[in-house]
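# Understanding the architecture of this molecule
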Amino acid sequence: MINERQWREFLSDGYEGDVKFMEPMRNHTSLRIGGPADVYAIPQDLLSARNVLTISKEKEIPFMPIGGGTNLLCRDGGIEGIVISLNSFRRIEVVEEKDGEITLFVESGTPLQKLVNLSKEKGYTGIEGLAGIPGSVGGAIAGNAGAFGYEIKSVLISTALMNVEGRIKRIRIEDLGLDYRTSNIPAGSIILSANIRLRKDIPEDVANRIDGFLREKRERQPISERSAGCVFKNPEGTSAGRLIDEAGCKGMRVGDVEVSPMHTNFFINRGEAKASDFIRLMEAVKSKVMEVFGIELEPEIRIVGRE
Ligand code: EPU
């Protein structure tokens, strides 16, 4: 465990940016669940981010990168060590425009919807199906975010990763192991930025597709409630939501966590929910689906933290 005094000692003149101690993770997750992180750091620049990583390696303090906290269940005991957010890294730049293609450099703390909005405004096609997915670009890459047959993977060219030694490397997309809602980005690395390639299209057509997907999402998903998106991955050839629904789990509840009546693969925090309630509800739903269909559901959300 690292405390405020040690942090100041270790990073005396090597850190610029916001830092909080014993910071409740519920302030940083869309579920509004999660105990305290020993340290929650939002470095302002690359040097500060790098110093946090090198110190954590040198002093053997665990660290965890966080994106928008939108696909995350943090346990009630909070997070050991340092949570590092690249929320201050939000630059988007045009790298190249040619033959109807546009290459963008995007920093990982950029909200994914800022990118989607840019594509809508300029008529760049390729990420329409990502409309309405909350979270950051870094988080979207780490979990290969997708919907409506679109995945972020298909527009990525490369990413820049910083490893525990503070070295920055450009990694080709083929080497990131991006697959359905997963990647093999090493646990000790953080995503700094990505180059993505979109194609020019008619702005009105791009806008229409985006608006259509948003409409569908609003009709089928409880997007304004406190959730972490879909809890379970879709098993091969079927939908977790359909299985959970048909197994009779709609409206099931543990503490303040409820299976959404609107889309059963979303679990909602109806008040002061605890992570332990959420996990108990996951287990109850999982065993019901196993009992009725003989299918084992696998979590899509990332579960982190101390018990
Ligand atoms: N269904 C039910 N009951 C429910 C929910 C769904 O019967 O409570 C049925 C629907 O009627 C439909 C089928 O199941 O026939 C599929 O449902 P839907 O179209 O809503 O898609 P999904 O498979 O549940 C997937 C992704 C979503 C993504 C949508 C749209 C996963 C786990 N889910 O949901 O992604 O937004 O397609 O493309 O891959 C996420 O990853 O967090 C997520 C929400």
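Throughout what follows, the structure given in this document is the object of discussion. Nothing here was measured: the structure is a model prediction, and the numbers come from that model.

### Let's talk about the overall build of the protein
Helix and strand counts for the protein come out as 7 helices and 17 strands. The C-alpha radius of gyration of the protein comes to 20 Å, within 12% of the 19 Å expected for a compact globule of 307 residues. By principal-axis analysis of the C-alpha atoms, the protein measures approximately 55 × 55 × 30 Å. Summarising the internal contacts of the protein: among those between residues at least 6 apart in sequence, 65% fall at separations of at least 24. Between the centroid of the 41 positive side chains of the protein and the centroid of its 45 negative side chains there is a distance of 1 Å.

### Quick look at the pattern of salt bridges
Per the stated rule, a full pass over the model turns up 24 salt bridges. In this structure, Asp245 engages Lys250 in a salt bridge whose closest nitrogen and oxygen atoms are separated by 3.8 Å. Through salt bridges with shared partners, a single ionic network connects Asp38, Glu80 and Arg306.

### Re the site of the ligand
Around the ligand, 20 residues are found, and the nearest of them are Phe148, Tyr180, Arg220, Cys230 and Asp245. Contact distances for the ligand include 2.8 Å between an oxygen atom and a side-chain N or O atom of Asn234. Isolated, the ligand exposes 820 Å² of accessible area, and the fraction of that covered by the protein chains is 77%. Take the shell around the ligand: its biggest share by element is 3 residues, from helix H6 (residues 240–246). In terms of residue class, the shell around the ligand is made up of 6 nonpolar, 8 polar and 6 charged.

### A short note on the sheet that holds strand S14 (residues 253–254)
Either a parallel or an antiparallel arrangement is found when strands of a sheet pair, and the pairing is made through backbone hydrogen bonds. Strand order in the open sheet made by the 3 strands is S14-S15-S16, with antiparallel pairing throughout. In this open sheet, the two edge strands, each paired with only one partner strand, are S14 and strand S16 (267–269). With 2 bridges joining them, S14 and strand S15 (residues 257–259) adopt antiparallel strand pairing. The residue of S15 that forms the bridge with Arg253 is Glu258. In this fold helix H7 (residues 275–293) packs onto S14, S15 and S16, with an angle of close to 25° to the strand it touches most, S15.

### Description of the environment of Val292
The topology assignment puts Val292 in helix H7. For the pair Val292 and Glu246, spaced 46 residues apart in the sequence, the C-alpha separation amounts to 8.7 Å.

### Let's talk about the nonpolar core
The tendency in soluble globular proteins is for nonpolar side chains to be buried as a group. With 31 residues, the main nonpolar core has Ile141 and Ile196 as its most contacted residues. Put simply, the parts of the chain that give this core at least two residues each are strand S7 (101–107), helix H3 (112–122), helix H4 (137–142), strand S11 (156–162), strand S13 (190–200) and helix H5 (203–220). Counting 24 residues, the second largest nonpolar core, distinct from the first, contains Leu31, Val231, Val254 and Ile301.

### Notes on the pairing of S7
Side-chain positions along a regular strand alternate between the two faces of the sheet. Of all 7 residues that make up S7, 6 are buried, and the element is covered over most of its length. In terms of strand pairing, strand S6 (residues 92–98) meets S7 through 6 bridges, oriented antiparallel. When the sheet's bridge partners are listed, Glu97 is paired in S7 with Ile102. Hairpin connection between S6 and S7: a loop of 2 residues separates the two successive antiparallel strands, and Asp99 in this loop has a positive phi of roughly 50°. Where S7 meets S13, 7 bridges bridge the pair, whose relative direction is antiparallel. Residue pairing in the sheet places Thr103 in a bridge with Arg197 of S13.

The rules behind the values
- Residues numbered from 1 in each chain as written.
- Predicted model: local features only at pLDDT ≥ 70, side-chain atom pairs only at ≥ 80, totals over all residues.
- Heavy atoms only, no water.
- Helix = DSSP H or I, 4+ residues; strand = E, 2+ residues; numbered from the N terminus.
- Rg over C-alpha atoms; globule rule 2.2 N^0.38 Å.
- Contact = heavy atoms within 4.5 Å.
- Lys, Arg positive; Asp, Glu negative; His and termini not counted.
- Charge placed at Lys NZ, Arg CZ, Asp CG, Glu CD.
- Salt bridge = Lys/Arg side-chain N within 4 Å of Asp/Glu carboxyl O.
- Near = heavy atom within 4 Å.
- Polar contact = N/O pair within 3.5 Å; in protein donor to acceptor, adjacent residues only side chain to side chain.
- Areas by Shrake-Rupley, 256 points an atom, 1.4 Å probe, with all protein chains shown as cover.
- Nonpolar A, V, L, I, M, F, W, Y, C, P; charged D, E, K, R; others polar.
- Pairing = 2+ DSSP bridges.
- Axes fitted to C-alpha atoms, helices over the stretch in contact; angles between N-to-C directions.
- Core = buried A, V, L, I, M, F, W, Y, C linked by side-chain atoms within 4.5 Å.
- Buried < 20%, exposed > 50% of the residue type's maximum accessible area, 1.4 Å probe, protein only.

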